[in-house]
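Chain and residue survey
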Amino acid sequence: MKGIVRSFFLWSFSILLMGSLFLFSTEAFASEKSSTKTDLTAMTFNLRYMNNFDPSPHTWEERRSTVRQVIRKEQPDIFGTQEAVYQQVKDVDNDLPNYDWIGLGREGGDKGEFMAVYYDETRFTPLEYDHYWLSDTPEVIGSTSWGNTIPRMVTWVKFLDTKTDKPLYFVNTHFDHISTEAREKSAELITEKIEEFDPDVPIIVTGDFNAGPNSEPHRILTEQGPFVDTWATAQTRINEHLGTFNGFDNPSGGGADNRIDWILSSEDVTTETTAIVDYQKNGQYPSDHYPVVADIDLP
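Residues numbered from 1 in each chain as written. Predicted model: local features only at pLDDT ≥ 70, side-chain atom pairs only at ≥ 80, totals over all residues. Heavy atoms only, no water.

Named according to an unreviewed UniProt entry, the protein chain is Metal-dependent hydrolase, endonuclease/exonuclease/phosphatase family originating from Alteribacillus bidgolensis.

As for the packing of aromatic side chains
Stated formally: Note on aromatic contacts: the rings of Phe and Tyr and the six-membered ring of Trp form a pair at centre separations within 6.5 Å, being stacked when their planes are under 30 degrees apart, edge-to-face when over 60 apart, and tilted otherwise. Counting from the N terminus, the helices are the DSSP runs of H or I reaching at least four residues and the strands are the DSSP runs of E reaching at least two. Burial here depends on accessible area, computed with a 1.4 Å probe over protein chains only, as a share of the maximum for the residue type. Under 20% is buried, over 50% is exposed, and the range in between is partly exposed. The rule for a charge over a ring is simple: NZ of Lys or CZ of Arg within 6 Å of the ring centre, and within 35 degrees of the ring normal.
Summed over the entire model, instances satisfying the criterion amount to 13 aromatic pairs. A centroid spacing of 5.5 Å and a plane angle of 75° characterise the contact between Phe79 and Tyr99, whose relative ring orientation is edge-to-face. Of the two residues, Phe79 is situated in strand β2 (residues 78-82) and Tyr99 in strand β3 (residues 99-102); the sequence distance between them amounts to 20 residues. The two residues Phe79 and Tyr99 agree in class, both being buried. Ring plane angle 80° and centroid distance 4.9 Å describe the contact between Phe175 and Phe209, whose orientation is recorded as edge-to-face. Here Phe209 lies in the loop between β8 (203-208) and α5 (216-224) and Phe175 lies in the loop between β7 (166-174) and α4 (180-194), a separation of 34 residues in the sequence. For the pair shown, Phe175 and Phe209 are each scored as buried. Aromatic rings pair up to connect Phe79, Tyr99 and Tyr118 into one cluster. A cation over an aromatic ring shows up here: Lys193 above the ring of Tyr132, its NZ or CZ 5.1 Å from the ring centre.

A look at the pairing of strand β12 (residues 270-276)
Worth spelling out the cut-off: One bridge is not enough; two strands pair if DSSP finds at least two bridges between them.
Pairing between strand β10 (residues 236-238) and β12: 3 bridges, direction parallel. By the bridge assignment, Ile238 is partnered in β12 with Ala275. Across 6 bridges, the pairing between β12 and strand β13 (residues 292-298) is antiparallel. If you follow Thr274 over to β13, its bridge partner there is Ala294.

A look at the packing of α4 against α5
Rules: Note on geometry: axes are lines fitted to C-alpha atoms, helical ones only across the stretch in contact, with angles between N-to-C directions running from 0 to 180 degrees. Every angle not falling under 35 degrees, over 145, or within 65 to 115 is termed oblique; those three ranges are roughly parallel, roughly antiparallel and roughly perpendicular. Throughout, a crossing is termed right-handed when the near helix is turned clockwise from the far one, and left-handed when it is turned anticlockwise from it by less than a right angle. Residue contacts are defined here by distance: any two heavy atoms, one from each residue, within 4.5 Å place the two residues in contact.
Two elements in contact, α4 and α5, have axes whose closest approach is 8 Å; the angle formed by their N-to-C orientations is 15°. By the angle between their axes, α4 is roughly parallel relative to α5. Crossing hand, α4 versus α5: right-handed. Facing α4, whose interface residues are Arg183, Glu184, Ala187, Glu188, Ile190 and Thr191, α5 presents Glu216, Pro217, Ile220, Leu221 and Gln224.

Regarding the packing of helix α2 (residues 60-74) against helix α3 (residues 86-95)
Rules: Gly is put with the polar residues, along with every residue not named as nonpolar or charged; the nonpolar set is Ala, Val, Leu, Ile, Met, Phe, Trp, Tyr, Cys and Pro, and the charged set is Asp, Glu, Lys and Arg.
Taken N-terminus to C-terminus, the directions of α2 and α3 make an angle of 45°; their axes are 10 Å apart at the nearest point. In terms of orientation, α2 lies oblique with respect to α3. The way α2 lies across α3 gives a crossing that is right-handed. Within the contact between the two elements, α2 uses Trp60, Arg63, Arg64, Arg68 and Arg72 and α3 uses Gln88, Asp91, Val92, Asn94 and Asp95. A per-class count over the contact of α2 with α3 returns 2 nonpolar, 2 polar and 6 charged.

Things to note about α2
Heads up, the condition is: Expected helix span is computed as 1.5 Å times (number of residues minus one). Directions are taken from the helix axis to each C-beta atom, and the arc is the one they span.
The first and last C-alpha atoms of α2 sit 20 Å apart over 15 residues, in line with the 21 Å expected at 1.5 Å per residue. Where α2 is concerned, the buried positions are Trp60, Arg63, Thr66, Val67, Val70 and Ile71. The buried residues of α2 occupy one face: seen down the axis, they fall within an arc of 140°. Relative to its buried face, α2 has exposed residues pointing more than 90 degrees away, namely Glu61 and Lys73. One or two residues past the end of α2 sits Gln75, with phi positive at roughly 50°.

In structure tokens:
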């Protein structure tokens, strides 16, 4: 009888111990999951505007499938493009059925180049968005100042990330390629405009800045402004020796000092890996710029 009682006691104790261990493991797993950061892949991609003088195999008609291949391979959750005109914006949209986009031509409506923002529509819901021009009169469509003859602009979107039920700002731009003053003033204007955003919401900025990592615009944005360069803060960098402007004929992209396409973020964002994507297909470049991707963790 004592043996039966002792066995029953040991069996009961074992069940209780196993239950406690299960509860502990479940709670620990839940705690670990709740503290896991959110992985998000961002991309910036200057697509090279569609024209009638780029030689084969670099016409838009020839490059379009390669652009699609690169984006599908990298699978960004969200990305900004520069230079694309309306037809290209629509082509990319048609080629990527899981994405939607927001943008406006820099000359208003569908005219001029777009700073389009593409996003995974199964994950992100736009809450608000707007555009402004890089000039002394940023609310005036197509306005120019500071020595740039081509209108330059910013498109920004505030999203709800349905994966985390938290908001996120995404900003996309293209700085002038000629005027040094325009690039510096543009950096200052973006820094000022960001102050209108909710300070508790993380920000990602993509763009072709037409300036290298040691330039004054970079310093303004990352020292005077609230941003960090995800390339500099990333735990892992791929293709550090490359620049990002290949001109359809320079595999080096001009070297590391010519990294003119950036992904910036607010300081509360951390970056795991970033890469300059130097994909080519049979001597064909997807664009005259290499795209840049960053795997980041949101706070």
